[in-house]
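The chain contents come next:
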Amino acid sequence: MPTHGEVDRRGLLKLAGGSLAALGLTAAGCGGGSGSGDGTVTIRYAWWGSDDRAKRINRTIELFEKKYPKIKVKTDFQPYLDFWKKFNTQASGGNPPDVFQNAIGFLRKYDQRNVLLDLHAQAKAGNLRLEGFRAGLEKFGEVDGKLLGVPVGSNSMALVIDKPVFEKAGVTPKMGWTWDDYHSAMEKIRKQGRSGDSGLYGVMYLYDPYLRQRGKAFFTEDGLGFDEADLKEWWTKGYAGVKSGIYSDPKKVAQIKPKSAVAAEIAACEFTWDNFTVRYTAEGKSEYGLAPLPTTDGKKTGQYLGSLMLSGSKRTQHPKEVAQFIDFMVHDPEVAKIMGYDRGVPTTTAQYEAYKPAEEKDKVIAAVNKEIAAYEEQLVDADVLEPITPHPAGADVCEAAFLRIAEELALGERSVDEAVKQFFTECKTALGS
Amino acid sequence: MASLQTPVAPATPEKPKPPRGTRLPEAARRRRRGENIAGFLFMSPWLAGFLVLTAGPMVASLYFAFTDYNLFDAPQWIGLDNFTEMFGDPRWRKSVEVTLWYVIVGTPLKLAAALGVALLLNQKRRGQAFYRAAFYAPSLIGASVSIAVVWKAIFSDDAIVDRTQRAIFGMDVGGWTGDPQWIIYSLIALTVWQFGAPMVIFLAGLKQVPRELYEAAEVDGAGTWRRFWNITLPMISPVLFFNVLLETIHSFQIFASAYIVGGGAGGNACGPADGSLVYTCYLYVQGFENSRMGLASAMAWMLLLAVALVTAVLFWSQKRWVHYEEGSR
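Residues numbered from 1 in each chain as written. Chains lettered and ligands numbered in written order. Predicted model: local features only at pLDDT ≥ 70, side-chain atom pairs only at ≥ 80, totals over all residues. Heavy atoms only, no water.

**Student:** Give me the lowdown on the overall build of chain B, citing residues and values where you can.
**Tutor:** Helix and strand counts for chain B stand at 14 helices and 2 strands. Buried residues in chain B amount to 40% of all 329 residues. Sequence separation of 24 or more characterises 65% of the internal contacts of chain B that already satisfy a separation of 6 or more. Accessible area of chain B: about 19700 Å², with a carbon and sulfur share of 66%. (Helix = DSSP H or I, 4+ residues; strand = E, 2+ residues; numbered from the N terminus. Buried < 20%, exposed > 50% of the residue type's maximum accessible area, 1.4 Å probe, protein only. Contact = heavy atoms within 4.5 Å. Areas by Shrake-Rupley, 256 points an atom, 1.4 Å probe, with all protein chains shown as cover.)

Here is the structure:
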């Protein structure tokens, strides 16, 4: 067999070439999703959340693929913080997902970095309907005239409470209660043997409405909307609360993370987003409800609707399909029935009406979701909601610094003055860059 | 040995080397070139890996260390600004402090544990093989994320360590991982627990110590402690040096356990009130959370310099305490 060697080598070359081509194809498949012969396109969809959310989202994608057989959706999910690290790395490498979950704190940041798709063009082309949103929510993702995200669910700040503990202490929070009322309520609960709050002094999304009640705000369009004296007052009160025990021991709160302090029964209440009640119910044994934010003047709560959004990538090769996907996710009634209030209350009227908490099979979830719906209706009726300011670029770093430094203060590692100074130094660096 | 031999003329005359400047026969040259090509070909996977995955990124990172780079916009040359910012940053200084404390306390404890257990395991007892495997096992699994998670659970509020401490010493710390002063000791405990790798090396060193030395010392009436101090320690000092070097470098690079035991959730990725803010943890925060890759690169180079300096000092010091057998140095 004189040609044996020759054939072998050639065969080897072919093999190598073949596998290289295969590698190339897979790489192309990963990068941005591409069209194949029959006109099918693949888009990548990334979001943060839990396993429970993953199950729901996969069901909505099945529905979508059935309705749009030419579009395939590949998903990817992480917990919140890991999501942004991965996203950052992918986006900077020019390979962000085509469509992804987003939030108000990131709009300006990623717009400045040329990552976000302006969806106005797609809306004009009829691939994305902006009608039928509740309470003007279609404007929510609009920054500097560009539509950078479409909200899928709305939520608002609230006080999540451990109902039996509050009842036992004889406290019933009502709309329009004041910070003094809140404070004496915490003291009554403390007398029952449980710390009141888990540590409001580090929650940026509570400090913001608190400032708004006084005509200020956490962020303006390009910087901070408050000064050192404001923060000093807030953290002095916060630290006093930790010392007196009406707020939980920060050491214990740190150790049960990521579980919430309320579910772990080391606090009786916690300021957070109203749709988180669902999570607390899953984590804890007690019964949880929602109370309104305390006010300064008995009326203004300074709160606004927050929301999860869907945004597209500027580098996507399939802007039309991305727009169709977002359109489906915010308008289709079936999607709302699957998602429930997992991402907040649905933003379009069609979805809002399609999902009735009472029809939920799980009785506890049904009760919690009814509570969330009632809370948001109460906010609309009381007419307390304000428009939100899209955060400046670097806001996410400020928020992390706020939480961290507040924790250091509570643990007694810094004095109030040092903490305030440190926060302003760090935050100004973040906003300046 | 060679120096003791008197030089003798080689029995067989060496092949005459071709005089300089003359060319090798064509066939030999071709063969040599062929060998070279084959050599490079066999090396190529490693070479490619080294150039693309190690050397390239290192050069890039050296360049980024002098720039402001957020991953999205083109890097801006800012000279030494990253370094001046670093030295002026209290969090950076805190991270240096935490890391040094971890190295200075953790490394000697770990080596002492390794040597102590190696001495015990060096004796003839039943089931030694089992004990060796049992003590070595933590080193194999210790770097994993799951162990860090378990560690966090063990040292948390009202968990086993906290309860034991309360019951025996009456101290109520409320869990080590939530306390900025205590969390670093839970990490030190974790590294000490993983003493298996240096232990195995110590064990090998102990086996090399000649028995006659002990017998002679015993005849002279030396006690256990004396024998350890005057025979064992000097005889294994090269092994000790090796372990000190390796473990010190290792300790400077601690990351995964600090990041996981320290939380990784909420606003603080590295422990309550930066209690476990080790150097690499802060580097990670600056690079991946604050998107400041230029600053993170500068920090990485600073760490490299520090480790190089410590290594140099250790090498310099070995003259004073490491004993090599005559001529084997």
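Next comes the rest of the account.
**Student:** Help me get a handle on the packing of helix α1 (residues 26–64) of chain B against helix α14 (residues 293–321) of chain B, residues and values and all.
**Tutor:** Residue and element names in this part refer to chain B. Closest axis-to-axis distance for the α1/α14 pair is 7 Å, and the angle between their directions is 110°. By the criterion of interaxial angle, the relationship of α1 to α14 is roughly perpendicular. Considering how the two elements wind past one another, α1 and α14 form a crossing that is left-handed. Contacts between α1 and α14 pair Met58, Ser61, Leu62 and Phe64 from the former with Gly294, Ser297 and Trp301 from the latter. (Axes fitted to C-alpha atoms, helices over the stretch in contact; angles between N-to-C directions. Parallel < 35°, antiparallel > 145°, perpendicular 65-115°, else oblique. Left-handed = near helix turned anticlockwise from the far one by under 90°.)

**Student:** So, the pattern of salt bridges: which residues are in play, and what are the values?
**Tutor:** The tally for this structure, following the rule as stated, stands at 34 salt bridges over all chains. Across the salt bridge formed by Asp144 of chain A and Arg108 of chain A, the nearest N and O atoms sit 3.1 Å from each other. Separated by 36 residues along the polypeptide, Asp144 of chain A in the loop between β4 (142–143) and β5 (146–147) and Arg108 of chain A in helix α4 (residues 107–112) bring together distant segments of the chain. Notably, a salt bridge pairs Asp230 of chain A with Lys216 of chain A, separated by 2.9 Å at the nearest N-O pair. Of the two residues, Asp230 of chain A is situated in helix α9 (residues 228–244) and Lys216 of chain A in the loop between α8 (204–213) and α9; the sequence distance between them amounts to 14 residues. Under the relative-accessibility criterion, Asp230 of chain A is labelled buried at 17%. On the basis of relative accessibility, which here comes to 33%, the residue Lys216 of chain A falls in the partly exposed class. Within the structure, one salt-bridge network assembled from shared partners comprises Arg404, Glu408, Arg414 and Glu426 of chain A together with Arg91 and Asp274 of chain B. (Salt bridge = Lys/Arg side-chain N within 4 Å of Asp/Glu carboxyl O.)

**Student:** Give a description of the packing of aromatic side chains that names residues and reports values.
**Tutor:** Enumeration according to the criterion identifies 68 aromatic pairs over all chains in this entry. Where Phe423 of chain A meets Phe424 of chain A, the ring centres are 5.7 Å apart and the plane angle is 85°; that geometry is what we call edge-to-face. On the basis of an interplanar angle of 65° and a centroid distance of 6.0 Å, the ring pair of Phe241 of chain B and Trp321 of chain B is categorised as edge-to-face. Residue Phe241 of chain B is found in helix α11 (residues 237–252), and its partner Trp321 of chain B is found in helix α14; the two are separated by 80 residues along the sequence. Assessed through its relative accessible area of 6%, Phe241 of chain B is described here as buried. Cation over ring: Arg134 of chain A sits above Tyr352 of chain A, and NZ or CZ is 4.6 Å from the ring centre. Here the basic side chain of Arg279 of chain A rests over the ring of Tyr280 of chain A, its NZ or CZ set 5.8 Å away from the ring centre. (Phe/Tyr/Trp six-rings, centres within 6.5 Å; stacked < 30°, edge-to-face > 60°. Lys NZ or Arg CZ within 6 Å of the ring centre and 35° of its normal.)

**Student:** An account of the UniProt feature "coiled-coil region" (unreviewed entry) in chain A is requested, with residue identities and associated values reported.
**Tutor:** The UniProt record annotates "coiled-coil region" (unreviewed entry) at residues 358–385 of chain A. Annotation note: span residues 358–385 of chain A, helix share 71%, strand share 0%, distance between end C-alpha atoms 26 Å. (UniProt positions renumbered as here; feature names shortened; annotations may be inferred.)

**Student:** Summarise the interface of chain B and chain A; cite the residues concerned and give the values.
**Tutor:** Interfaces are often sized by the amount of accessible area the parts lose when they come together. Each partner contributes residues to the interface: chain B has 34 residues there, and chain A has 26 residues. Summed over both partners, the interface of chain B with chain A buries about 2500 Å², with 53% contributed by carbon and sulfur atoms. For the pair chain B and chain A, the interface holds 4 salt bridges. Asp179 of chain B is the salt-bridge partner of Lys251 of chain A, the closest N and O atoms lying 3.1 Å from each other. There are 8 residue pairs in polar contact (both at pLDDT 80 or more) connecting chain B and chain A. Grouping the constituent residues of the side of chain B that touches chain A by class yields 13 nonpolar, 13 polar and 8 charged. (Buried area = accessible area lost by both parts, 1.4 Å probe. Polar contact = N/O pair within 3.5 Å; in protein donor to acceptor, adjacent residues only side chain to side chain. Nonpolar A, V, L, I, M, F, W, Y, C, P; charged D, E, K, R; others polar.)

**Student:** So what about the confidence of the model for chain B? Which residues, and what values?
**Tutor:** With 90% of its residues at a pLDDT of at least 70, chain B reaches an overall mean of 87. This complex was scored by the predictor with a pTM of 0.82 and an ipTM of 0.80. (pLDDT = per-residue confidence, 0-100.)

**Student:** So what's going on with the state of the cysteines? Which residues, and what values?
**Tutor:** Taken as a whole, this structure holds 2 disulfides over all chains when the rule is applied. Between the sulfur atoms of Cys398 of chain A and its disulfide partner Cys427 of chain A the distance amounts to 1.9 Å. When the S-S torsion is 90°, as for the bridge of Cys398 of chain A with Cys427 of chain A, the disulfide is right-handed. In this pair, Cys398 of chain A is assigned in helix α16 (residues 395–410) and Cys427 of chain A in helix α17 (residues 416–432), connecting sequence segments 29 residues apart. Each member of the pair, Cys398 of chain A together with Cys427 of chain A, is buried. The disulfide partner of Cys270 of chain B is Cys281 of chain B, and the S-S distance across this bridge is 2.3 Å. Linking Cys270 of chain B and Cys281 of chain B, the disulfide has an S-S dihedral of approximately -95° and is accordingly described as left-handed. (Disulfide = S-S within 2.5 Å.)

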